[in-house]
Number of protein chains: 2
Amino acid sequence: MVDQKANPHFLNSFINPASIAFFGANEQIPDNMGALQALTLIDNGYLGQIYPIHPRLDTVFGYKAYKSIKDIPNKVDLAKLILPKRYVPQILEECGQCGVKHIIIVTAGYREVNDKDSQDEIMAIINKYDLKVLGPNCIGMLNTHGYLLDSSAEFVINTTVQMYNEPPGTVSIASQSGTFVSHSFMLLAERDLHLSRGFSLGNELIIDLCDCLEFFEQDQQTEVILLYIEEIKRGRRFYELAKRISSKKPIVVLYPGGTSGGSKAISSHTGSMAGNDEIHNAVFNQSGIIRADSVEELFDIASILAKLIPTDSIPKGDRIAIMTNSGGPGAMMADATSRAKLTLPPLGEKLKLKLGKLLPPTAQATNPLDLTFSLNPAQFHYTIPRMYAKSSDFDVLICYGAFGPSFFRFNEFGTSFMNQEKSKEKLSQWLELVESSIESAKRIVAKFKFPIINVIFMGLDEPVFSLLNKSDFPTFKMPHQAIAAIKKVIGYGKYRHKILNLQNLTKKEIKTD
Amino acid sequence: MVDQKANPHFLNSFINPASIAFFGANEQIPDNMGALQALTLIDNGYLGQIYPIHPRLDTVFGYKAYKSIKDIPNKVDLAKLILPKRYVPQILEECGQCGVKHIIIVTAGYREVNDKDSQDEIMAIINKYDLKVLGPNCIGMLNTHGYLLDSSAEFVINTTVQMYNEPPGTVSIASQSGTFVSHSFMLLAERDLHLSRGFSLGNELIIDLCDCLEFFEQDQQTEVILLYIEEIKRGRRFYELAKRISSKKPIVVLYPGGTSGGSKAISSHTGSMAGNDEIHNAVFNQSGIIRADSVEELFDIASILAKLIPTDSIPKGDRIAIMTNSGGPGAMMADATSRAKLTLPPLGEKLKLKLGKLLPPTAQATNPLDLTFSLNPAQFHYTIPRMYAKSSDFDVLICYGAFGPSFFRFNEFGTSFMNQEKSKEKLSQWLELVESSIESAKRIVAKFKFPIINVIFMGLDEPVFSLLNKSDFPTFKMPHQAIAAIKKVIGYGKYRHKILNLQNLTKKEIKTD
């Protein structure tokens, strides 16, 4: 991978501009898009130069405003246009004349409303000056690893409309919908995942999905790639790139174009022609792309991948083990496993014997394994999962029912009892045991490359939910969520291992030659 | 419906006991179930008498403890047993001798581990004294509308293991899994819904689903009924009851028994024999029961029902209108609508003309309707939805993209700008407009009986999410969640309207006679 500061791909100039000219910036909060985006860029900590351009204003949010890009005394790396369509051609012309090559056009009203004339008009100027354009009809881009060449500071460069207040991450997205860039990081954060780069592609007049794939391939800050696709413009190139990249960096897509409803929506959104579901599925399958069935699943799959790839524990098969401390959720997980056509094999004889010695009299050594109610974190997080990992009987373990501090949230009387020295000490010992057991369980994953997934109804309200996620155990609120996502990851795992094996064989052959 | 205090059903004695004898209560926090449940009962505000029974302790959490139930000087309404199995027969015997008829047995280790002898032993005592037993192998019950006969105070009676700190509600659950009673209220609260009664049925040795259905039918505090089912013991009775109740109070079930995985899990959980999926579906369909496909869907469906039933706006057909201010989520909703086999008809000519006059040049009057980015709450929440409702072209409107205060959450610089007098005033006017538009939109639902559902990616982090839910507009985070749940509600709506029409016809015939 290429060092970020030396990445030669032209998209690097978009995500790391040293200066931005902002056409349409003003202070009309709350209901003007130009104002919102300008404030977001400033307030999210952009450290480069900002040049608002406005025909009447002298300053915008304290920044000196210019009447024209021609008046800016310094070099402009990126221009952002967010103003009525009638002004766009002249501004593009001026950008071209001033040597500003990288341009984001937020302004809409082209192909998506069948206005071919306006599109042809701007296309002529783009060609004349060889401009690189993101959009039109997009929301901009977001880079959580921003830098300046002469500084070691990292900062967020956010030209979308929603503040990014999360840590920098490793998941990148290219999207033909702006919302999946400007809102996706909240859905990632719930999974203790964070965004790296986000490109809102809009109508893809110039820059398209393939450009982003090329960039992500080289980008050392991208480990998992998400795509929201309404239309694949360069089919063959897309397929070749995906096939080349997917076994190294997984690609997960959301594609609503395969149904009549989705197609109708798409044509009024970006003016794209949606395609046949089967053909798209074939392209995705053969190039190792994972297709998510819903917005939630996109982020669920990403969450599993981002956590299992660093430990090389992507499953190779579909033998699911289920462990639970409550029968109902266990049954829901087992039912979902069957409905997803994953296998739920019985415990091997050796594992069965070992588990049998450990279980309380109310429990039986079967798969699913119902521990009945248990508050023994060492057993739940470490001892039993280690037995599963060691047995080689299964490819994935899914556990329901980790308990953490929120199990002991009381009102007045309970709190005063829990605050007594003896209770406090016992509880804090127990909480330490929860934490150390989860810490130890990381070794199971590292040693046996065995993935362990958790389900906890309480979600982020329960600190252990976040602790598990942060410790790289993918953790979900709902049984069907975990099962649906792991099913997709297993499909990818089979593909990935086949490709990696082929590559290893080829390497050996070359050695032997 | 029967007044709560005069409800003659025997389960009323379980949910409103004036005194509870607690076998197995102790202070061994954090990892003893008896201690946890005793503390939960006390700390959740039970106002009746608590009599801990323990062979050695003098007090438990400040309550005088007794060596035996025979030592308690006053009448005991309910006994709760949570202690090793070997003590259960003797305690049941003593309860019987003392005239304590209502008993919750939390203790496990009977049918679910194939211990028929132990079960026969307690069954003989139960029969001898005609005891009413909840369990064994259950978690207890939860009543958020508790009362004492001589007082007007309402309080929570919680004999489960997790504190209930939500308002009292109208959704009741009977469950063959304790977790769906003790954890369900958190999943309800996320939807601004709250629990009324919860019964954990365990092995259903005596009290079963049918008893609960009978009770819920008469219960004025129950509007929506949820069931978690592993086995239906009295099939014919269950069917008759469900058929009688479902058109008045909707019944939503979760049944994991239809697959090999689910069946395996169930047999080790409650020892039940799971049944054939098709037969169960037939029973559910013909009795008007809604079957949820996942835990999440159970609560999603409940959330729509609890909000639409009071306004009599349960949809009668499946014509879906989609409105969005962002193309991507709109396309995902349209795609999900098609995949769910719901219809997405074009706009009628009249509605198309009316909308056309209102829309910005970047938008087209189609279904789905993409407003493109818009921060006009009056139009989004009121003007446009009212046009849809008035047109009669659709049965349901689903909207993506309500904005609220979290859209304006900034860091230091942004916050200081927003705190300036002028910005503050403009934002507060805008927020008032959001609130008043939602308030006005309630009139659309009331007048046209037209359901409006919202989808907002941000969930509870965005105050308008909660505001919409509290204003009885079912609101979801994810497109597929909204579509899957409304599909099930539409199925129920068709059934309900058919039954209600038949009943009206019958009434007319009787009048004519």
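Residues numbered from 1 in each chain as written. Chains lettered and ligands numbered in written order. Predicted model: local features only at pLDDT ≥ 70, side-chain atom pairs only at ≥ 80, totals over all residues. Heavy atoms only, no water.

In the nomenclature of an unreviewed UniProt entry, chain A corresponds to Acetate--CoA ligase [ADP-forming] II subunit alpha from the organism Candidatus Lokiarchaeum ossiferum.

A.B. asks: Can you break down the side chain of Gln37 of chain B residue by residue, with the values?
C.D. replies: Residue and element names in this part refer to chain B. By secondary structure assignment, the location of Gln37 is in helix α2 (residues 33–43). By relative accessible area, which is 0% here, Gln37 ends up buried. Among residues more than four places away in sequence, those in contact with Gln37 are Phe22, Lys80, Ile82, Val106, Ile139, Thr159, Thr160 and Val161. (Helix = DSSP H or I, 4+ residues; strand = E, 2+ residues; numbered from the N terminus. Buried < 20%, exposed > 50% of the residue type's maximum accessible area, 1.4 Å probe, protein only. Contact = heavy atoms within 4.5 Å.)

A.B. asks: Residue-level account of the UniProt feature "domain: CoA-binding" (unreviewed entry) in chain A, with values.
C.D. replies: As recorded in UniProt, the sites labelled "domain: CoA-binding" (unreviewed entry) are residues 14–110 of chain A. Secondary structure content for residues 14–110 of chain A is 25% helix and 23% strand, and the end C-alpha separation is 22 Å. (UniProt positions renumbered as here; feature names shortened; annotations may be inferred.)

A.B. asks: Describe helix α17 (residues 463–470) of chain B, listing the residues and the values that go with them.
C.D. replies: All names here are of chain B. Three or more residues of α17 are buried, namely Val464, Phe465, Ser466, Leu468 and Asn469. Among the structural elements, α11 (295–308), α14 (377–391), α16 (421–448), β18 (452–455) and β19 (475–476) are those in contact with the buried residues of α17. Asp472, located one to two residues past α17, shows a positive phi value of around 70 degrees.

A.B. asks: Can you explain the pattern of salt bridges? Please cite residues and give values.
C.D. replies: Applying the stated criterion to the full structure yields 46 salt bridges over all chains. Lys248 of chain B serves as the salt-bridge partner of Glu217 of chain B, at 3.6 Å between the closest nitrogen and oxygen. Here Glu217 of chain B is found in helix α7 (residues 209–218), whereas its partner Lys248 of chain B is found in the loop between α8 (235–246) and β13 (251–254), with 31 residues between them in sequence. You can call Glu217 of chain B buried: its relative accessible area is 18%. Lys248 of chain B gets classed as partly exposed once you look at its relative accessible area, which sits at 48%. In the salt-bridge network here, residues are joined through shared partners; they are Glu190, Arg191 and Asp300 of chain A together with Lys477 of chain B. (Salt bridge = Lys/Arg side-chain N within 4 Å of Asp/Glu carboxyl O.)

A.B. asks: For the side chain of Glu296 of chain A, give the residues involved together with the corresponding values.
C.D. replies: Relative to the helices and strands, Glu296 of chain A resides in helix α11 (residues 295–308). Despite its burial, Glu296 of chain A pairs with no opposite charge; the closest candidate is Arg191 of chain A, at 4.6 Å N-O. In terms of polar contacts, Glu296 of chain A uses its side chain to reach the side chain of His480 of chain B, at 3.1 Å. Apart from the residues lying within four places of it in its own chain, the contact partners of Glu296 of chain A are Arg191, His480 and Gln481 of chain A together with Glu296, Met478 and His480 of chain B. (Lys, Arg positive; Asp, Glu negative; His and termini not counted. Polar contact = N/O pair within 3.5 Å; in protein donor to acceptor, adjacent residues only side chain to side chain.)

A.B. asks: Mind laying out the sheet that holds strand β9 (residues 155–158) of chain A, listing which residues take part and the relevant values?
C.D. replies: Across the sheet, seven strands lie side by side as β9-β8-β11-β10-β12-β13-β14 (chain A); this open sheet has mixed pairing. The open sheet terminates on both sides in strands that have one partner only, identified here as β9 and β14 (290–292) of chain A. Averaged over neighbouring strand pairs, the angle between their axes works out to 20 degrees when direction is ignored. For strand β10 (residues 171–175) of chain A and strand β12 (residues 224–228) of chain A, the ladder comprises five bridges, and the chain directions are parallel. The partner of Val171 of chain A across the bridge, within β12 of chain A, is Val224 of chain A. Its contacts with the sheet place helix α12 (residues 327–339) of chain B against β12, β13 (251–254) and β14 of chain A, and it is angled at close to 75 degrees to β12 of chain A. (Pairing = 2+ DSSP bridges. Axes fitted to C-alpha atoms, helices over the stretch in contact; angles between N-to-C directions.)

A.B. asks: Run through the domain arrangement of chain A, naming residues and quoting values.
C.D. replies: Residues and elements named next belong to chain A. With domains assigned, chain A is organised as domain 1 (4–305) and domain 2 (313–487). A separation of 40 Å is found between the C-alpha centroids of domain 1 and domain 2. Tallying the contact residues gives 10 residues for domain 1 and 14 residues for domain 2. Carbon and sulfur atoms supply 59% of the area that domain 1 and domain 2 bury against each other, a total of about 960 Å² over both sides. Of all residues in domain 1, Asp192, Asp300 and Ile304 give up the largest surface area on contact with domain 2, accounting jointly for 54% of the area buried on that side. Seen at the junction of domain 1 and domain 2, the total is one salt bridge. Between Asp192 and Lys470 there is a salt bridge, and its shortest N-O distance comes to 3.0 Å. Linking domain 1 with domain 2 are three residue pairs in polar contact (both at pLDDT 80 or more). Split into classes, the residues belonging to the side of domain 1 that touches domain 2 amount to three nonpolar, one polar and six charged. (Domains from an automatic or database assignment. Buried area = accessible area lost by both parts, 1.4 Å probe. Nonpolar A, V, L, I, M, F, W, Y, C, P; charged D, E, K, R; others polar.)

A.B. asks: How would you summarise the interface of chain A and chain B if you had to cite specific residues and measurements?
C.D. replies: With 93 residues of chain A in contact, the opposing surface of chain B contributes 93 residues. Buried area between chain A and chain B, both sides added, is near 7,300 Å², and the carbon and sulfur share of it is 65%. The largest share of the area that chain A buries against chain B comes from Pro30, Met332 and Phe413 of chain A, three residues that together contribute 8% of it. One salt bridge connects Glu190 of chain B with Lys477 of chain A, and the closest N-O pair in it is separated by 2.1 Å. On inspection of chain A and its partner chain B, the count reaches 32 residue pairs in polar contact (both at pLDDT 80 or more). Looking at the side of chain A that touches chain B, its residues break down into 44 nonpolar, 32 polar and 17 charged.

A.B. asks: Account for the pairing of strand β5 (residues 78–81) of chain B, with residues named and values stated.
C.D. replies: All names here are of chain B. Burial along β5 is two-sided: the face carrying Leu78 and Lys80 and the face carrying Ala79 and Leu81 are both buried. With four bridges joining them, strand β1 (residues 19–23) and β5 adopt parallel strand pairing. From the neighbouring strand, Ile20 faces β5, where its bridge partner is Leu78. Pairing analysis gives four bridges linking β5 to strand β6 (residues 102–105), with the strands arranged parallel. Looking at β6, one finds that Leu81 is bridged to Ile105.

A.B. asks: Describe in detail the sheet that holds strand β6 (residues 102–105) of chain A, supporting the description with residues and values.
C.D. replies: All names here are of chain A. The strand order across the open sheet built from five strands is β2-β1-β5-β6-β7, with neighbouring strands paired in parallel fashion. Single-partner strands in this sheet number two, and they are β2 (49–53) and β7 (132–134). Adjacent strand axes in the sheet meet at a mean angle of 20 degrees, parallel and antiparallel pairs treated alike. Here three bridges tie β6 to β7, and the two strands are oriented parallel to one another. Bridge pairing in β7 links Ile103 to Val133.

A.B. asks: How would you explain the relation of the copies chain A and chain B if you had to name every residue and give the values?
C.D. replies: Expressed as a screw transformation, the operator carrying chain A onto chain B has a rotation angle of 180 degrees and an axial translation of 0.0 Å, and the superposed copies differ by an RMSD of 0.0 Å. Here the symmetry operator amounts to a two-fold rotation axis. Mapped onto chain B, 100% of the interface residues of chain A again fall at the interface, so both copies present the same surface. (Least-squares fit on C-alpha atoms with pLDDT ≥ 70 in both.)

A.B. asks: Any details on the packing of α14 of chain B against α16 of chain B? Residues and values, ideally.
C.D. replies: Residues and elements named next belong to chain B. The interhelical angle for the contact between α14 and α16, taken along N-to-C directions, is 15 degrees, at an axis separation of 7 Å. As judged from the angle between their axes, α14 and α16 are roughly parallel. Crossing hand, α14 versus α16: left-handed. Residues Pro377, Ala378, His381, Tyr382, Pro385, Arg386, Ala389 and Lys390 of α14 form the contact with α16, whose participating residues are Trp430, Leu433, Val434, Ser437, Ile438, Ser440, Ala441, Arg443, Ile444, Lys447 and Phe448. The class makeup of the residues in the contact of α14 with α16 is 12 nonpolar, three polar and four charged. (Parallel < 35°, antiparallel > 145°, perpendicular 65-115°, else oblique. Left-handed = near helix turned anticlockwise from the far one by under 90°.)

A.B. asks: Could you give an account of α12 of chain B, with specific residues and numbers?
C.D. replies: Residue and element names in this part refer to chain B. In a regular helix each residue adds 1.5 Å, so 13 residues correspond to 18 Å; α12 covers 18 Å between its end C-alpha atoms and thus fits that length. With 12 of its 13 residues buried, α12 lies for the most part within the structure. All of the buried residues in α12 are Gly327, Gly328, Pro329, Gly330, Ala331, Met332, Met333, Ala334, Asp335, Ala336, Thr337 and Ser338. At the C-terminal side of α12, Lys341 shows a positive phi close to 60 degrees. (Expected span 1.5 Å × (residues − 1).)

A.B. asks: Let's hear about the packing of helix α16 (residues 421–448) of chain A against helix α17 (residues 463–470) of chain A: which residues, and what values?
C.D. replies: Residues and elements named next belong to chain A. Orientation of α16 relative to α17, taken along the N-to-C sense of each, is 20 degrees, at an axis distance of 10 Å. Judged on the interaxial angle alone, α17 and α16 are roughly parallel. Here the hand of the crossing between α16 and α17 comes out right-handed. Packed against α16, whose contacting residues are Val434, Glu435 and Ile438, the element α17 presents Val464, Leu467 and Leu468 at the interface. Across the contact of α16 with α17, the residue classes break down as five nonpolar, no polar and one charged.

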